[in-house]
Amino acid sequence: MPTILGQNQYGKAENRVVKITRDGATHHIKDLNVSVALSGDMDEVHYSGSNANVLPTDTTKNTVYAFAKEHGIESAEQFGIHLARHFVTSQEPIKTARIRIEEYAWERIEAADANSQFIGADEVKHSFVRKGQETRLTQITYDGERWEVVSGLRDLVVMNSTNSEFWGYVKDKYTTLKEAYDRILATQVSARWRFNWTDDDQRMPHWEKSYEQTKKHMLQAFAETYSLSLQQTLYQMGSRIIDNRGEIDEVRFSLPNKHHFLVDLEPFGLKNDNEVYFAADRPYGLIEATILRDGCEPRIPVDLTNL
């Protein structure tokens, strides 16, 4: 039986680029991990090995670094848009470009006061410490006509030490979990959100502000929801984003329940009044769902493993 070629793409993955912008003595950092995937008229390279339509992956790597210089890095999204547009418009065989970017945040180290004995301590504006809260993500897809921008984050660990319950669930002969009326609720947020900006005629979102505000609403919903289940909290987090950010139509969450179990201290003659817990890293409950603006169709993949 003959075979045919299915979906295919190629590119250079995980191009690490750090861009320093020098504003006099004040420096700014953008630290990205950029992956490029290109697809189009690539049948012959698979069937016969002809590279006539192939832009070398080394060239895509070089383009990432050259664009960091030529265009700067205003935001991960804007940088990805510049790259995707370039690959699709400059190479006729390339029909679609997908740019995936991880961004690692840095914050400025606060220097000593002006009376410090160290030289220039009051003028240090070039020293940074890596932030550890989360990794920012974005994926840009462009086919020459329409854009799809899906941004998000991963590894954002959050906890409520109270205002969480879990009871009234189904019980069978294998159920041993006790109902909880005051528990720790903790999770490690992985989230993606899809923008409704799809073509150049639309007003482009302010990518940096959008990320900051989306994260703010997400965290406020987590903190302010009296939770009877992690599912309820997840829905409130997504709804808060949709209600407050008009540029976003869809949010997808993957939330592992980072369980905290009360330690039995009775053998030591001690009462544990919701004070001492054992933090279990596995196994863990995994809660996942998509929240949509009414009337919108879901487009973010259910499996976020490779997004």
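Where an unreviewed UniProt entry is consulted, the protein appears under the name Uricase, with the organism given as Streptomyces violaceus. Its UniProt record gives the protein the following Sequence similarities (unreviewed entry) comment, quoted word for word: "Belongs to the uricase family." We quote the UniProt Catalytic activity (unreviewed entry) comment for the protein here in full: "urate + O2 + H2O = 5-hydroxyisourate + H2O2".

J.: In this structure, what is going on with a nonpolar patch on the surface? I would like to understand it.
T.: Residues W167, Y181, Y226 and L228 make up a contiguous nonpolar surface patch of roughly 440 Å² in combined accessible area. If you trace the backbone, Y226 turns up in the loop between α4 (207-224) and α5 (230-244).

J.: How do you make sense of the nonpolar core when you look at a structure like this?
T.: In a soluble, globular protein the nonpolar side chains are often hidden away together inside. Formed by 52 residues in total, the largest nonpolar core has its most connected members in V34, F79, I99, V189, W193, M218 and F253. Broken down by element, this core gets its largest block of residues, seven residues, from helix α3 (residues 76-90). For V189, the residues in contact, after removing those within four places along its chain, are L153, R154, D155, L156, V158, M218, M237, F253, S254 and L255.

J.: Hey, could you run me through the packing of aromatic side chains in this one?
T.: Aromatic ring pairs are described here by two measures, namely the spacing of the ring centres and the angle between the planes. Under the defined criterion, the tally for this structure stands at seven aromatic pairs. Between W167 and Y181, the ring centres sit 5.7 Å apart and the planes meet at 25 degrees, which makes this aromatic pair stacked. Placement of W167 in the loop between β7 (147-160) and β8 (185-195) and of Y181 in the loop between β7 and β8 is noted, with a sequence separation of 14 residues between them. What makes Y181 partly exposed here is its relative accessible area of 48%. When the centroid spacing of 4.9 Å and the interplanar angle of 85 degrees are considered together, the rings of F195 and W207 count as edge-to-face. With F195 in strand β8 and W207 in helix α4, this pair connects stretches of sequence that are twelve residues apart.

J.: What's the story with the pairing of strand β6 (residues 135-142) in this structure? I'm lost.
T.: For a regular strand, the rule is simple: side chains alternate between the two faces of the sheet. When you tally the buried positions in β6, you get seven out of eight residues, the bulk of the element. Alignment of strand β3 (residues 94-104) against β6, held across seven bridges, turns out to be antiparallel. Paired with E102 across the two strands is L137, which belongs to β6. As paired strands, β6 and β7 are joined by eight bridges and run antiparallel to one another.

J.: What should I look at first to understand the pattern of salt bridges in this one?
T.: Any two side chains of opposite charge can pair, so long as their charged atoms come close to each other. For the structure on display, the rule yields 20 salt bridges. For the salt bridge of E103 with R136, the shortest nitrogen-to-oxygen distance reads 3.7 Å. Highlighted residues: E103 in strand β3 and R136 in strand β6, separated in sequence by 33 residues. A salt bridge links R136 to E208, with the shortest nitrogen-to-oxygen separation between them at 2.8 Å. You can see R136 sitting in strand β6 and its partner E208 sitting in helix α4, a full 72 residues away along the chain. Each member of the pair, R136 together with E208, is buried. Three or more residues joined by partner-sharing salt bridges are found here, namely K30, E77, E103, R136 and E208.

J.: Looking at this model, I keep getting lost on the sheet that holds strand β9 (residues 248-257). Mind explaining?
T.: Paired through backbone hydrogen bonds, the strands of a sheet run either parallel or antiparallel to each other. Read from one edge of the open sheet, eight strands run β1-β2-β3-β6-β7-β8-β9-β12, paired in antiparallel fashion. The sheet terminates laterally at β1 (15-23) and β12 (285-292), the two strands that pair on one side only. Within this sheet the neighbouring strands show an average axis-to-axis angle of 20 degrees, counted without direction. The strands touched by α5 within the sheet are β8, β9 and β12, with β9 carrying the most contacts at an inclination of about 155 degrees.

Definitions and limits used
Residues numbered from 1 in each chain as written. Predicted model: local features only at pLDDT ≥ 70, side-chain atom pairs only at ≥ 80, totals over all residues. Heavy atoms only, no water. UniProt positions renumbered as here; feature names shortened; annotations may be inferred. Patch = residues over 30% accessible without salt bridge, like charges linked within 9 Å, V, L, I, M, F, W, Y side chains within 5 Å. Areas by Shrake-Rupley, 256 points an atom, 1.4 Å probe, with all protein chains shown as cover. Salt bridge = Lys/Arg side-chain N within 4 Å of Asp/Glu carboxyl O. Helix = DSSP H or I, 4+ residues; strand = E, 2+ residues; numbered from the N terminus. Core = buried A, V, L, I, M, F, W, Y, C linked by side-chain atoms within 4.5 Å. Buried < 20%, exposed > 50% of the residue type's maximum accessible area, 1.4 Å probe, protein only. Contact = heavy atoms within 4.5 Å. Phe/Tyr/Trp six-rings, centres within 6.5 Å; stacked < 30°, edge-to-face > 60°. Pairing = 2+ DSSP bridges. Axes fitted to C-alpha atoms, helices over the stretch in contact; angles between N-to-C directions.

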